[in-house]
Amino acid sequence: MLIVNISSILGILPPETVRLSGKEMDTAMQRLDGSAWLLVDGEHISAFGSMSGLKTEDLTGRHIVDARGGMLLPSFCDSHTHIVYAGSRDGEYLDKIRGLSYEEIARRGGGILNSADLLHRTSEDELYRQARIRLDEVTAKGTGAIEIKSGYGLTVADELKMLRVIARLKQESPAVVRSTFLGAHAVGRAYTGRQSEYVDLVINDMLPAVAAEGLAEFVDVFCDEGFFTVDETARILDAAARYGIRPKIHACELANSGGVQIGVSRGALSVDHLERMEQPEIDSLHGSGTIATMLPGASFFLGIPFAPARRAVDSGLAVALASDYNPGSSPSGDMRMVMALGCIRMRLTPAEALAACTVNGAAAMDVAGTCGAITPGRLANFIITRPIPSDAFITYAYTTPFISEVYLRGKKLS
Ligand code: NIG
Ligand code: FE
């Protein structure tokens, strides 16, 4: 397939580049302006260039797609979501509007435990059906790779039910799917007041079962005030390491929790949220392989501070942005909105926001060798835009429809 008449190709990287840090986030992704073409071979990008260099014989025998002057950019890599859940929590939305905080709603038995009760009553097939609708929604909006967490099961059987749904999404969706075991998202109801016994259950029962079925690439812990402590987090991460499962941590959302340092010390792929992160956390990330993942949709929805993205990038860190799509703190998986919040509220440039939502998101789920940039050899996962005046327009006019077509693994999404 040969795509012609592309006004600009954005997000070009050489094959060896699998993450961008600091200043590189603004400058390293190259663009090809003027009229361009891109060649797809099966599921992969094979080449691109300027229309002026294209000869008539290059067109023969090819399936030609006319981009009609739209831009072409890599599809989004959303490295932190919870899209497998039952129903919604719109019932708590009014409490939130009336002024209850996320923590107050959770203390009243709402929040994550409310979702766990609903999930328990929902069959695996029905859970798949609901999650598939969300996944199809976000792929249509340009997400090509996505990480999905468990964590609304909170019993051995229900955590496995969630992870099997993720495994099925992985099989059946054209998106690249990575799965994370988040048994330590909240203390399951049956263990109220017995948190350390619940941690034992996560370590001694859940983890071995998850590992035996090969259901998770990563492990996560909600390491924060009112949820799991740094010591409990360390125990869970060390147990997961014995199965070769790498961590991604929820840290510093509700308080400056110590989650960043424990994540870094255990070689976490990413530490996520970071709304309350301060200079010691930024310092601890320097020189680590850990990506600083920020979730502006949660700040927007909960009315909490935005994570210090500008400061983190200026200090040289690799920052990713993700949607956190979940029923309690971010009921949206729209990565274009995430990029817009990154620019408007976190003061990232459009180029930095694109890097944060593509290559660095891919790095945060260890798929940057195959996703996250326009690079020959990587998957042909990209968005063709409607004609737009500039790339900045995507996050500036942040609700104007901008997508013309989405391609995943070289196939147009219908
Ligand atoms: O990333 N912070 C913890 N977990 C999710 C919210 C989960 C929920 O409220 O359902 C988050 O924000
Ligand atoms: Fe989350």
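The structure reproduced in this document is the subject of the present report. (Residues numbered from 1 in each chain as written. Chains lettered and ligands numbered in written order. Predicted model: local features only at pLDDT ≥ 70, side-chain atom pairs only at ≥ 80, totals over all residues. Heavy atoms only, no water.)

Turning next to the sheet that holds strand E9 (residues 218–223). With parallel pairing, the 8 strands of this open sheet are ordered in space as E6-E7-E8-E9-E10-E11-E12-E13. Pairing within the sheet leaves two strands with one partner each, and these edge strands are strand E6 (76–78) and strand E13 (319–321). Neighbour to neighbour, the strand axes of the sheet diverge by 25 degrees on average, direction disregarded. (Pairing = 2+ DSSP bridges. Helix = DSSP H or I, 4+ residues; strand = E, 2+ residues; numbered from the N terminus. Axes fitted to C-alpha atoms, helices over the stretch in contact; angles between N-to-C directions.)

For the rest of this paragraph, the subject is the nonpolar core. General note: in soluble globular proteins, nonpolar side chains tend to be found buried as a group. Val84, Phe181, Tyr198 and Met294 are the most contacted members of the largest nonpolar core, which has 107 residues in total. If you tally residues by element for this core, the top one is helix H8 (residues 195–212), at 9 residues. Once residues lying within four places of it in the same chain are set aside, the contact partners of Phe181 are Ser150, Glu159, Leu163, Val202, Met206, Leu207, Val210, Ala216, Phe218, Val219 and Asp220. Grouped together as the second largest cluster of nonpolar side chains are 18 residues, Ile3, Leu38, Ala380 and Tyr407 included. (Core = buried A, V, L, I, M, F, W, Y, C linked by side-chain atoms within 4.5 Å. Buried < 20%, exposed > 50% of the residue type's maximum accessible area, 1.4 Å probe, protein only. Contact = heavy atoms within 4.5 Å.)

On the protein side, the iron ion (ligand 2) has His80 (NE2), His82 (NE2), His250 (NE2) and Asp324 (OD) as donor atoms, found 2.1 to 2.4 Å from it. Of note, the iron ion (ligand 2) draws all its donor residues from one chain, in the sequence arrangement H-x1-H-x167-H-x73-D. Placement of His82 in the loop between E6 and helix H3 (90–97) and of His250 in strand E10 (residues 246–251) is noted, with a sequence separation of 168 residues between them. The residues His82 and His250 share a single accessibility class, namely buried. (Donors = N, O, S within 2.8 Å, 3.2 Å for Na, K, Ca; no water.)

On to the side chain of Thr358, then. Counting through the fold element by element, Thr358 comes out in the loop between helix H15 (350–357) and helix H16 (359–364). For Thr358, a relative accessible area of 0% translates into the label buried. A polar contact of 2.6 Å, which involves the side chain of Thr358, links it to the backbone oxygen of Leu354. Not counting chain neighbours up to four residues away, the residues in contact with Thr358 comprise Met29, Pro74, Ser75, Phe76, Cys77 and Gly372. (Polar contact = N/O pair within 3.5 Å; in protein donor to acceptor, adjacent residues only side chain to side chain.)

This next bit is on the pattern of salt bridges. Tallying each qualifying case throughout the model produces 22 salt bridges. Where Arg194 meets Glu197, a salt bridge forms, and the shortest distance between an N and an O atom there is 2.7 Å. Its relative accessible area of 38% is what places Glu197 among the partly exposed residues. Between Asp238 and Arg266 there is a salt bridge, and its shortest N-O distance comes to 2.7 Å. (Salt bridge = Lys/Arg side-chain N within 4 Å of Asp/Glu carboxyl O.)

Take helix H6 (residues 124–140) next. Taking 1.5 Å as the rise per residue, H6 with 17 residues should run 24 Å; its terminal C-alpha atoms sit 24 Å apart, in good agreement. Those residues of H6 that fall on the buried side of the exposure criterion are Leu127, Tyr128, Gln130, Ala131, Arg134, Leu135, Val138 and Thr139. Buried residues along H6 sit against helix H5 (111–120), strand E7 (143–149), helix H7 (156–172), strand E8 (176–184) and strand E15 (403–408). Immediately downstream of H6, the backbone of Gly142 shows phi near 105 degrees, a positive value. (Expected span 1.5 Å × (residues − 1).)

Keep in mind these values describe shape, not function.
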